[in-house]
Amino acid sequence: MKIVVIGGTGLIGSKLVTQLREHGHEAVAAAPSTGVNTLTGEGLADVLVGASVVIDVSNAPSFEDAAVLEFFETSTRNLLVAEAAAGVGHHVALSVVGTERLPDNGYFRAKIAQESLIKGSSIPFSIVHATQFFEFVRGIADDATEGGTVRMAPVLFQPIAGEDVAQAVGRIAVGSPVNGMVEVGGPEQFRMDEFFRDALAAWGDPREVVTDPHARYFGAELGKRTLVPGDGAVLGQIRYADWPGRATPGK
């Protein structure tokens with residue numbers, strides 16, 4: 001089937017396009033660099049001709065509160081209108097585990113708005129909530145850094161490899177719409193502060209990881225299970241210890 005991947009040149013999108021093509025599907029990478037802009041609507045009608053499924057794994061170019069909300073609301077509206085006109089039968093969107101539990105963060109408020117638009121449309125849908133990607137571990141540590149100290153809360157953390165996220169999203173996309181949400185997480189749970197202490201040591205990073213129950217995650221205070229999926233989540237296969245990028249500080 002023809003599957004259009006919005007954000008198809010990014011971290012997850014490029015993996016998705018490759019995996020879908022390997023399984024015999026006509027997977028099309030749609031992004032501004034390929035002439036498709038969901039914010040302006042440019043190229044949408046053309047790329048959706050004959051598409052059965054649209055997978056939206058795009059992300060905002062700016063995470064500033066107003067800008068990220070504008071991105072997800074405008075791009076999602078444009079996409080859903082174009083999909084309805086093209087007769088697309090399944091809209092799949094990638095979101096984040098714990099989104100509804102983190103209203104203090106502007107990014108998560110924007111993802112909630114995106115999900116509301118999807119749920120309110122006439123197009124059958126599946127929303128995939130994934131935990132934090134292995135590829136973003138370095139960025140999480142950097143955001144939590146004050147001077148030479150990384151402040152982390154002693155809460156549960158269940159990161160997942162981007163490759164496993166792409167596989168899970170692809171499987172859901174070629175199946176029947178669930179008209180609801182599916183959670184996806186890594187195969188192991190850690191305590192967040194301990195995970196980052198070990199990760200920084202593996203990088204040879206001199207920063208000290210300090211356990212702080214009130215440490216904020218991108219501006220939001222966390223509960224014990226805020227970032228982990230519930231029972232019945234789809235679990236990835238790749239353990240962090242086996243992930244090729246784990247000892248690379250730039251990841």
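Residues numbered from 1 in each chain as written. Predicted model: local features only at pLDDT ≥ 70, side-chain atom pairs only at ≥ 80, totals over all residues. Heavy atoms only, no water.

A word on the overall build of the protein chain. Counting its regular elements, the protein chain contains 7 helices and 14 strands. For 251 residues, the compact-globule estimate of 2.2 N^0.38 gives 18 Å, and the C-alpha radius of gyration of the protein chain, at 18 Å, lies within 12% of that figure. For the protein chain, the spread of C-alpha atoms along the three principal axes comes to 55 × 35 × 35 Å. In the structure as shown, the protein chain presents an accessible area of about 10800 Å², 52% of it carried by carbon and sulfur atoms. Here the protein chain holds 20 positive side-chain charges and 30 negative ones, and the gap between their average locations is 3 Å. (Helix = DSSP H or I, 4+ residues; strand = E, 2+ residues; numbered from the N terminus. Rg over C-alpha atoms; globule rule 2.2 N^0.38 Å. Areas by Shrake-Rupley, 256 points an atom, 1.4 Å probe, with all protein chains shown as cover. Lys, Arg positive; Asp, Glu negative; His and termini not counted. Charge placed at Lys NZ, Arg CZ, Asp CG, Glu CD.)

This paragraph deals with the packing of aromatic side chains. A full pass over the atoms with the stated rule returns 14 aromatic pairs. Note on Phe72 and Tyr107: the rings are 5.8 Å apart at their centroids and 80 degrees apart in plane angle, and the pair reads as edge-to-face. With Phe72 in helix α3 (residues 65-86) and Tyr107 in helix α4 (residues 106-120), this pair connects stretches of sequence that are 35 residues apart. Neither Phe72 nor Tyr107 differs from the other in exposure class; each is buried. (Phe/Tyr/Trp six-rings, centres within 6.5 Å; stacked < 30°, edge-to-face > 60°. Buried < 20%, exposed > 50% of the residue type's maximum accessible area, 1.4 Å probe, protein only.)

What follows concerns the environment of Gly50. Structurally, Gly50 can be placed in the loop between α2 (44-47) and β3 (53-56). Separated by 38 residues in the primary sequence, Gly50 and Val88 have C-alpha atoms spaced 8.0 Å apart.

Another aspect to go through is the pairing of strand β2 (residues 26-30). In this structure, strand β1 (residues 2-6) lies alongside β2, joined through 5 bridges in parallel fashion. Across the sheet, Lys2 pairs through a bridge with Glu26, a residue of β2. One crossover worth recording links β1 to the parallel β2 by way of helix α1 (residues 11-22), and it is right-handed. (Pairing = 2+ DSSP bridges. Right-handed = clockwise from strand over helix to strand, strands pointing away.)

Another aspect to go through is the pattern of salt bridges. It is possible for side chains bearing opposite charge to pair when their charged atoms get close. What the rule picks out here adds up to 14 salt bridges. With a closest N to O distance of 3.7 Å, Arg138 and Asp205 form a salt bridge. Placement of the pair is Arg138 in helix α5 (residues 137-143) and Asp205 in the loop between α7 (192-203) and β11 (208-211), with a sequence separation of 67 residues. By relative accessible area, which is 22% here, Arg138 ends up partly exposed. Notably, a salt bridge pairs Arg151 with Glu146, separated by 3.4 Å at the nearest N-O pair. One salt-bridge network, in which partners are shared between bridges, spans Arg138, Asp142, Asp205 and Arg207. (Salt bridge = Lys/Arg side-chain N within 4 Å of Asp/Glu carboxyl O.)

Turning our attention to α4. Here α4 contains 15 residues, and its C-alpha end-to-end distance of 21 Å stays within 8% of the 21 Å for a straight helix at 1.5 Å per residue. For α4, the set of buried residues is Gly106, Tyr107, Phe108, Ala110, Lys111, Ala113, Gln114, Glu115 and Ile118. (Expected span 1.5 Å × (residues − 1).)

Here we come to the side chain of His129. Secondary-structure assignment places His129 in strand β5 (residues 125-130). Among residues more than four places away in sequence, those in contact with His129 are Ser95, Val96, Val97, Thr99, Glu100, Glu115, Met181, Val182, Glu183 and Val184. (Contact = heavy atoms within 4.5 Å.)

Right, let's get into α3. Relative to the 32 Å expected for 22 residues at 1.5 Å per residue, α3 spans 32 Å between its end C-alpha atoms, a close match to the ideal helical length. Buried within α3 are the following residues: Val68, Phe71, Phe72, Thr74, Ser75, Thr76, Leu79, Leu80, Ala82 and Glu83. Tucked into the core, α3 has its buried residues touching β1, α2, β3, β4 (90-96) and α4. One or two positions beyond α3, positive phi appears at Gly87, with a value near 80 degrees.

The biggest cluster of nonpolar side chains holds 34 residues, and the ones touching the most others in it are Met152, Met192, Phe196 and Tyr240. Of all the secondary structure elements, the ones that give two or more residues to this core are α3, α4, α5, β7 (149-152) and α7. Among the elements that take part in this core, α7 stands out by supplying 6 residues, more than any other. Beyond its immediate stretch of four places on either side in the chain, Met192 contacts Ile140, Met152, Ala153, Val155, Phe157, Tyr217, Leu222 and Leu227. Counting 25 residues, the second largest nonpolar core, distinct from the first, contains Ala27, Ala29, Leu94 and Val184. (Core = buried A, V, L, I, M, F, W, Y, C linked by side-chain atoms within 4.5 Å.)

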